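Descriptive analysis of the structure
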Amino acid sequence: MLFLLGAWLTLAPPSPPRPLPEVERIIFALTNQERARYRLPPLRNDQALDSIARGHSEDMLRRGFFSHTNPDRESPGDRMARLHRILIGEGAENIWSGSGYNANAVAEQIVGDWMNSPGHRANILNAEYTHLGVGAAMEGAEIRATQNFDIVEAFLATPAPRVIRRGAVLDLRTAPNPSGTVAVKFDLWSDGLGKPVFGPAPVTGTAIEAPPGNYRLRFYFEKGLGKYTVWRGPTIDVAR
(Lines give C-alpha, C1' and ligand atoms only; values in the text may rest on other atoms or scores of the structure.)
Protein backbone atom coordinates (compact mmCIF):
# COMPACT_ATOMS: atom_id res chain seq x y z
CA MET A 1 0.00 0.00 0.00
CA LEU A 2 1.29 3.41 -0.92
CA PHE A 3 0.79 6.53 1.12
CA LEU A 4 1.42 10.10 0.03
CA LEU A 5 2.46 12.66 2.57
CA GLY A 6 2.37 16.35 1.90
CA ALA A 7 0.24 19.42 1.39
CA TRP A 8 -2.32 19.80 -1.33
CA LEU A 9 -1.04 22.02 -4.11
CA THR A 10 -3.20 24.12 -6.38
CA LEU A 11 -1.69 24.18 -9.82
CA ALA A 12 -1.82 27.52 -11.55
CA PRO A 13 -3.57 27.47 -14.92
CA PRO A 14 -1.20 27.62 -17.87
CA SER A 15 -0.34 31.12 -18.97
CA PRO A 16 -1.98 32.25 -22.21
CA PRO A 17 0.12 32.72 -25.36
CA ARG A 18 1.96 36.02 -25.36
CA PRO A 19 2.64 38.14 -28.44
CA LEU A 20 6.20 38.73 -29.67
CA PRO A 21 6.15 42.26 -31.10
CA GLU A 22 9.91 42.44 -31.68
CA VAL A 23 9.84 39.20 -33.68
CA GLU A 24 6.90 40.58 -35.69
CA ARG A 25 8.79 43.80 -36.42
CA ILE A 26 11.89 41.97 -37.62
CA ILE A 27 9.89 39.52 -39.75
CA PHE A 28 8.19 42.45 -41.47
CA ALA A 29 11.52 44.19 -42.15
CA LEU A 30 13.20 40.99 -43.40
CA THR A 31 10.27 40.27 -45.70
CA ASN A 32 10.64 43.64 -47.37
CA GLN A 33 14.41 43.11 -47.57
CA GLU A 34 13.78 39.91 -49.52
CA ARG A 35 11.42 41.75 -51.85
CA ALA A 36 13.96 44.52 -52.37
CA ARG A 37 16.53 41.94 -53.51
CA TYR A 38 14.18 41.14 -56.40
CA ARG A 39 13.30 44.81 -57.05
CA LEU A 40 9.74 44.35 -55.82
CA PRO A 41 7.82 47.18 -54.13
CA PRO A 42 7.75 47.05 -50.32
CA LEU A 43 4.65 45.77 -48.59
CA ARG A 44 2.76 48.27 -46.47
CA ASN A 45 1.80 47.45 -42.93
CA ASP A 46 -1.85 47.07 -41.97
CA GLN A 47 -2.57 46.93 -38.24
CA ALA A 48 -5.84 45.02 -38.69
CA LEU A 49 -3.94 42.34 -40.64
CA ASP A 50 -1.35 42.30 -37.81
CA SER A 51 -4.14 41.63 -35.32
CA ILE A 52 -5.64 38.86 -37.48
CA ALA A 53 -2.24 37.20 -37.96
CA ARG A 54 -1.42 37.46 -34.25
CA GLY A 55 -4.80 36.03 -33.34
CA HIS A 56 -4.21 33.00 -35.56
CA SER A 57 -0.76 32.38 -34.07
CA GLU A 58 -2.20 32.56 -30.56
CA ASP A 59 -5.13 30.35 -31.55
CA MET A 60 -2.78 27.66 -32.93
CA LEU A 61 -0.97 27.58 -29.59
CA ARG A 62 -4.09 27.76 -27.45
CA ARG A 63 -5.99 25.00 -29.28
CA GLY A 64 -2.99 22.89 -30.25
CA PHE A 65 -3.18 22.81 -34.04
CA PHE A 66 -0.95 23.90 -36.92
CA SER A 67 -2.92 24.66 -40.06
CA HIS A 68 -4.24 27.49 -42.21
CA THR A 69 -7.73 26.18 -41.43
CA ASN A 70 -8.69 26.42 -37.77
CA PRO A 71 -10.86 23.89 -35.86
CA ASP A 72 -13.91 26.02 -36.71
CA ARG A 73 -13.12 25.37 -40.40
CA GLU A 74 -12.26 29.02 -41.02
CA SER A 75 -9.75 29.60 -43.82
CA PRO A 76 -7.41 32.63 -43.91
CA GLY A 77 -9.85 34.36 -46.27
CA ASP A 78 -12.73 33.62 -43.89
CA ARG A 79 -10.85 35.17 -40.97
CA MET A 80 -9.87 38.27 -42.92
CA ALA A 81 -13.45 38.75 -44.16
CA ARG A 82 -14.90 38.34 -40.67
CA LEU A 83 -12.39 40.48 -38.79
CA HIS A 84 -11.25 43.16 -41.26
CA ARG A 85 -14.30 45.37 -41.70
CA ILE A 86 -12.96 47.79 -44.34
CA LEU A 87 -10.63 45.74 -46.56
CA ILE A 88 -11.56 44.93 -50.16
CA GLY A 89 -9.16 42.58 -51.91
CA GLU A 90 -7.67 39.09 -52.04
CA GLY A 91 -5.20 37.54 -49.61
CA ALA A 92 -2.90 34.66 -48.69
CA GLU A 93 -1.18 33.35 -45.58
CA ASN A 94 2.16 31.91 -44.42
CA ILE A 95 2.48 30.07 -41.07
CA TRP A 96 5.46 28.72 -39.10
CA SER A 97 5.95 26.47 -36.08
CA GLY A 98 9.06 26.12 -33.91
CA SER A 99 10.55 26.73 -30.49
CA GLY A 100 13.19 28.74 -28.66
CA TYR A 101 13.51 32.45 -28.09
CA ASN A 102 15.90 35.08 -29.35
CA ALA A 103 14.14 37.79 -31.33
CA ASN A 104 16.72 38.21 -34.08
CA ALA A 105 17.56 34.52 -34.43
CA VAL A 106 13.94 33.35 -34.46
CA ALA A 107 12.80 35.99 -36.95
CA GLU A 108 15.71 35.21 -39.29
CA GLN A 109 14.99 31.48 -39.07
CA ILE A 110 11.29 32.00 -39.78
CA VAL A 111 11.86 34.13 -42.88
CA GLY A 112 14.69 31.85 -44.00
CA ASP A 113 12.45 28.79 -43.71
CA TRP A 114 9.71 30.53 -45.68
CA MET A 115 12.15 31.56 -48.41
CA ASN A 116 13.32 27.94 -48.70
CA SER A 117 9.73 26.73 -49.20
CA PRO A 118 8.36 27.28 -52.75
CA GLY A 119 4.80 28.13 -51.69
CA HIS A 120 5.77 30.47 -48.87
CA ARG A 121 8.48 32.08 -51.01
CA ALA A 122 5.92 32.70 -53.77
CA ASN A 123 3.75 34.65 -51.32
CA ILE A 124 6.67 36.77 -50.11
CA LEU A 125 7.77 37.56 -53.68
CA ASN A 126 4.32 38.05 -55.20
CA ALA A 127 4.47 41.44 -56.89
CA GLU A 128 0.68 41.87 -56.69
CA TYR A 129 0.49 41.93 -52.90
CA THR A 130 0.36 45.42 -51.44
CA HIS A 131 -0.10 44.95 -47.67
CA LEU A 132 1.18 42.64 -44.95
CA GLY A 133 0.28 41.81 -41.37
CA VAL A 134 2.57 39.77 -39.12
CA GLY A 135 1.67 38.01 -35.87
CA ALA A 136 3.93 35.91 -33.65
CA ALA A 137 3.15 34.37 -30.26
CA MET A 138 4.82 32.13 -27.69
CA GLU A 139 3.56 29.64 -25.10
CA GLY A 140 6.26 27.98 -23.02
CA ALA A 141 9.04 27.37 -25.52
CA GLU A 142 6.66 26.98 -28.48
CA ILE A 143 6.37 29.73 -31.09
CA ARG A 144 3.92 30.19 -33.92
CA ALA A 145 4.15 32.89 -36.58
CA THR A 146 1.69 34.02 -39.25
CA GLN A 147 1.87 36.37 -42.22
CA ASN A 148 -1.31 37.68 -43.82
CA PHE A 149 -0.76 39.16 -47.29
CA ASP A 150 -3.35 41.07 -49.27
CA ILE A 151 -3.90 42.70 -52.64
CA VAL A 152 -5.84 45.72 -51.41
CA GLU A 153 -8.05 47.12 -54.14
CA ALA A 154 -9.65 49.67 -51.79
CA PHE A 155 -10.85 50.33 -48.26
CA LEU A 156 -14.41 51.07 -47.22
CA ALA A 157 -14.86 54.64 -46.01
CA THR A 158 -17.00 53.32 -43.11
CA PRO A 159 -16.55 49.89 -41.48
CA ALA A 160 -19.17 47.39 -42.60
CA PRO A 161 -21.51 46.30 -39.78
CA ARG A 162 -21.29 42.65 -38.78
CA VAL A 163 -25.07 42.20 -38.60
CA ILE A 164 -27.93 44.00 -40.34
CA ARG A 165 -31.67 43.49 -40.58
CA ARG A 166 -33.38 42.89 -43.88
CA GLY A 167 -34.27 46.23 -45.47
CA ALA A 168 -31.31 48.07 -43.96
CA VAL A 169 -29.71 50.81 -46.05
CA LEU A 170 -25.90 50.81 -45.86
CA ASP A 171 -23.24 53.32 -46.83
CA LEU A 172 -20.74 51.13 -48.71
CA ARG A 173 -18.74 53.87 -50.38
CA THR A 174 -15.01 53.27 -50.77
CA ALA A 175 -12.07 55.59 -50.45
CA PRO A 176 -10.37 56.08 -53.85
CA ASN A 177 -7.77 53.40 -54.56
CA PRO A 178 -4.29 54.24 -55.95
CA SER A 179 -5.69 54.40 -59.49
CA GLY A 180 -8.34 56.87 -58.31
CA THR A 181 -11.35 54.59 -58.85
CA VAL A 182 -14.08 53.76 -56.35
CA ALA A 183 -16.60 50.95 -56.09
CA VAL A 184 -19.85 51.79 -57.84
CA LYS A 185 -21.90 48.66 -57.10
CA PHE A 186 -22.01 45.79 -54.65
CA ASP A 187 -23.69 42.43 -54.24
CA LEU A 188 -24.13 39.82 -51.51
CA TRP A 189 -22.45 36.53 -52.43
CA SER A 190 -23.55 33.20 -50.97
CA ASP A 191 -20.77 30.60 -50.76
CA GLY A 192 -23.37 27.89 -50.20
CA LEU A 193 -25.30 28.72 -53.36
CA GLY A 194 -22.27 29.82 -55.37
CA LYS A 195 -24.02 32.96 -56.61
CA PRO A 196 -25.23 36.39 -55.48
CA VAL A 197 -28.49 36.54 -53.50
CA PHE A 198 -28.79 40.33 -53.86
CA GLY A 199 -27.50 42.90 -56.33
CA PRO A 200 -25.58 44.25 -58.06
CA ALA A 201 -26.90 47.49 -56.58
CA PRO A 202 -25.54 51.02 -56.00
CA VAL A 203 -23.22 51.33 -52.98
CA THR A 204 -25.48 53.96 -51.37
CA GLY A 205 -29.22 54.36 -50.93
CA THR A 206 -30.16 50.71 -51.52
CA ALA A 207 -32.34 48.75 -49.10
CA ILE A 208 -30.85 45.27 -48.80
CA GLU A 209 -33.49 42.63 -49.44
CA ALA A 210 -31.86 39.24 -48.89
CA PRO A 211 -32.83 36.08 -47.01
CA PRO A 212 -31.34 35.65 -43.53
CA GLY A 213 -27.82 34.25 -43.67
CA ASN A 214 -24.11 34.96 -43.82
CA TYR A 215 -22.85 36.56 -47.04
CA ARG A 216 -19.72 38.04 -48.56
CA LEU A 217 -19.89 41.63 -49.74
CA ARG A 218 -18.47 41.99 -53.24
CA PHE A 219 -17.62 45.31 -54.89
CA TYR A 220 -17.67 46.34 -58.56
CA PHE A 221 -15.03 48.75 -59.86
CA GLU A 222 -15.67 50.23 -63.30
CA LYS A 223 -12.90 49.69 -65.83
CA GLY A 224 -14.51 51.47 -68.77
CA LEU A 225 -16.86 50.49 -71.59
CA GLY A 226 -19.35 48.98 -69.15
CA LYS A 227 -16.81 46.48 -67.79
CA TYR A 228 -16.10 45.87 -64.12
CA THR A 229 -13.65 44.07 -61.91
CA VAL A 230 -15.19 42.44 -58.84
CA TRP A 231 -13.33 42.27 -55.51
CA ARG A 232 -14.38 40.65 -52.25
CA GLY A 233 -14.91 42.53 -49.01
CA PRO A 234 -16.09 41.72 -45.47
CA THR A 235 -18.73 39.16 -44.56
CA ILE A 236 -22.07 40.32 -43.21
CA ASP A 237 -24.98 38.58 -41.48
CA VAL A 238 -28.54 39.38 -42.52
CA ALA A 239 -30.74 38.75 -39.48
CA ARG A 240 -34.41 37.80 -39.45
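Refer to the structure presented above.
As the structure is a computational prediction, the values presented were derived from the model and not from experiment. (Residues numbered from 1 in each chain as written. Predicted model: local features only at pLDDT ≥ 70, side-chain atom pairs only at ≥ 80, totals over all residues. Heavy atoms only, no water.)

1. Focus on the packing of helix α1 (residues 21-37) against helix α4 (residues 103-115)
This is how it is decided: What counts as an axis is a line fitted to C-alpha atoms, over the stretch in contact for a helix, and the angles between N-to-C directions run from 0 to 180 degrees. By the criteria applied, helices consist of DSSP H or I runs no shorter than four residues and strands consist of E runs no shorter than two, each listed in order from the N terminus. Should an angle fall under 35 degrees it is called roughly parallel, over 145 degrees roughly antiparallel, and 65 to 115 degrees roughly perpendicular, with every other angle called oblique. Throughout, a crossing is termed right-handed when the near helix is turned clockwise from the far one, and left-handed when it is turned anticlockwise from it by less than a right angle. The contact rule is simple, with two residues in contact once any of their heavy atoms fall within 4.5 Å.
At a minimum axis separation of 9 Å, α1 and α4 run at an interaxial angle of 40°. If you check the angle between α1 and α4, you find them oblique. Remark: the crossing between α1 and α4 carries right-handed chirality. Contacts from E22, V23, I26, I27, L30, T31 and E34 in α1 reach A103, N104, V106, A107, E108, I110, V111, W114 and M115 in α4.

2. With respect to the packing of aromatic side chains
The way to describe two aromatic rings as a pair is by their centre distance and the angle between their planes. Our working rule: Stacked, edge-to-face and tilted are the three classes for Phe, Tyr and Trp ring pairs, Trp counted by its six-membered ring, which pair at centre distances within 6.5 Å; planes under 30 degrees apart are stacked, over 60 edge-to-face, the rest tilted. Exposed residues in this analysis have more than 50% of their type's maximum accessible area, buried residues have under 20%, and partly exposed residues fall in between, with area computed by a 1.4 Å probe over protein chains only.
Tallied over the full model, the rule gives three aromatic pairs. Pairing F186 with F198 gives two aromatic rings, centres 6.0 Å apart and planes at 45°, and the pair type is tilted. Taken together, the residues F186 in strand β7 (residues 183-190) and F198 in strand β8 (residues 195-202) connect sequence positions twelve residues apart. Each member of the pair, F186 together with F198, is buried.

3. Let's talk about the nonpolar core
Short version of the rule: Within this scheme, the nonpolar core is defined by two criteria: the residues are buried Ala, Val, Leu, Ile, Met, Phe, Trp, Tyr or Cys, and they are joined through side-chain atoms within 4.5 Å.
In terms of nonpolar packing, the biggest core is built from 50 residues, with V23, I27, F186, L188 and F219 touching the most fellow members. Once residues within four sequence positions are removed from consideration, I27 is found in contact with A107, I110, V111, W114, V134, A145 and Q147. Grouped together as the second largest cluster of nonpolar side chains are five residues, L49, I52, M80 and L87 included.

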